[in-house]
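Each chain, letter by letter, is given below.
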Amino acid sequence: MENKLKYTDENDKSLGIAGMAISLVACDCEHLLAEVSIEDEDEALRMAEEFFFCGNPRISAKISWNEILRQYQITSGLMLGNVMCRALAAGHDVDKDVLQVVHDMIVNDGKTHCSLDDDETEAMYRKEYSYYYRMFSHPSVVVVARDFASTLRLQRRMTAGEVIENLRRLSSI
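Along every chain, residues carry numbers that run from 1 in the direction the sequence is written. With pLDDT at 70 or above as the cut-off, local features in this predicted model cover only qualifying residues; side-chain atom pairs require 80 or more to be listed or tallied, and sums for whole chains, interfaces and linings still use all residues. Neither water nor hydrogens contribute to the side-chain values; these are computed over all heavy atoms in the structure.

Draft legend 1. Up close: the environment of Met 135. Within the secondary structure, Met 135 sits in helix α4 (residues 118–137). Using a 1.4 Å probe on the protein chains alone, a residue whose accessible area is under 20% of its type maximum counts as buried, one over 50% counts as exposed, and one in between counts as partly exposed. When its relative accessible area of 14% is taken as the criterion, Met 135 is described as buried. For the pair Met 135 and Ala 26, spaced 109 residues apart in sequence, the C-alpha to C-alpha distance is 8.9 Å. Only heavy atoms matter for contacts: two residues are in contact if any of them lie within 4.5 Å across the pair. Setting aside anything within four residues of it in sequence, one finds Met 135 in contact with Ile 22, Ala 26 and Val 141. Helix and strand definitions follow DSSP, with helices as H or I runs of at least four residues and strands as E runs of at least two, each counted in order from the N terminus.

Here's what the structure looks like:
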């Protein structure tokens, strides 16, 4: 199942990383990014420590749950941004089998980590899918994604600041 998500080559990987970076900017979470690297096999996108919420007994259960839900939404956006950018910026539709794998992962994570029921996870997935599909179908976003991927292939690694600088054009779209 996960083999469908594997990168086919360096261009595919750079577009996937671009999709995740653009997703972070789109949900106003670029501050959670530490760096990206095309050379890192296990962690192409490294998040800042702030992203990893482990709970805190000093805060209310509601605040903790909202943090976990927010992290789930960010992670879902990263997964959708990755596969959508890889396909749409490369000029083809998103493979239905790949979308099914991502759907199943997002739904399972919603149930497991957020205790959401089937209706809630499906509604969350549909909302996220619609948002990211519209975004990555936009011709200007495709151009930014391709340019970012090209720059990443040349530089090999970017700090969060370099990522934000390279994606600055998104603010005018």
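Read on for the rest.
Draft legend 2. Quick look at the packing of helix α3 (residues 96–114) against α4. Where α3 contacts α4, the axes come no closer than 9 Å and their chain directions differ by 135°. In terms of orientation, α3 and α4 fall into the oblique class. Crossing of α3 against α4: the hand is right-handed. Judged by residue contacts, Leu 99, His 103, Ile 106, Val 107, Gly 110 and Lys 111 of α3 engage Asp 118, Thr 121, Glu 122, Tyr 125 and Tyr 129 from α4. Residues of the contact of α3 with α4, tallied by class, amount to five nonpolar, three polar and three charged. Fitted lines through C-alpha atoms give the axes, limited to the stretch in contact for helices. The angle between two N-to-C directions lies from 0 to 180 degrees. Orientation categories follow fixed angle ranges, with anything under 35 degrees roughly parallel, anything over 145 roughly antiparallel, 65 to 115 roughly perpendicular, and all other angles oblique. Less than a right angle of anticlockwise turn of the near helix away from the far helix marks a crossing as left-handed, whereas a clockwise turn marks it as right-handed. Asp, Glu, Lys and Arg are counted as charged, while Ala, Val, Leu, Ile, Met, Phe, Trp, Tyr, Cys and Pro are counted as nonpolar; the rest, among them Gly, fall into the polar class.

Draft legend 3. Just the sheet that holds strand β3 (residues 157–159), in detail. The three strands are arranged β2-β1-β3 in an open sheet whose pairing can be described as antiparallel. The open sheet terminates on both sides in strands that have one partner only, identified here as β2 (45–47) and β3. Between one strand axis and the next, the sheet turns through 15° on average, direction left out of account. Of the strand pairs in this sheet, strand β1 (residues 33–37) and β3 are connected by three bridges, and their pairing is antiparallel. In the sheet register, Val 36 faces β3, and the bridge partner there is Met 158. The criterion for strand pairing is that DSSP finds at least two bridges linking the strands in question.

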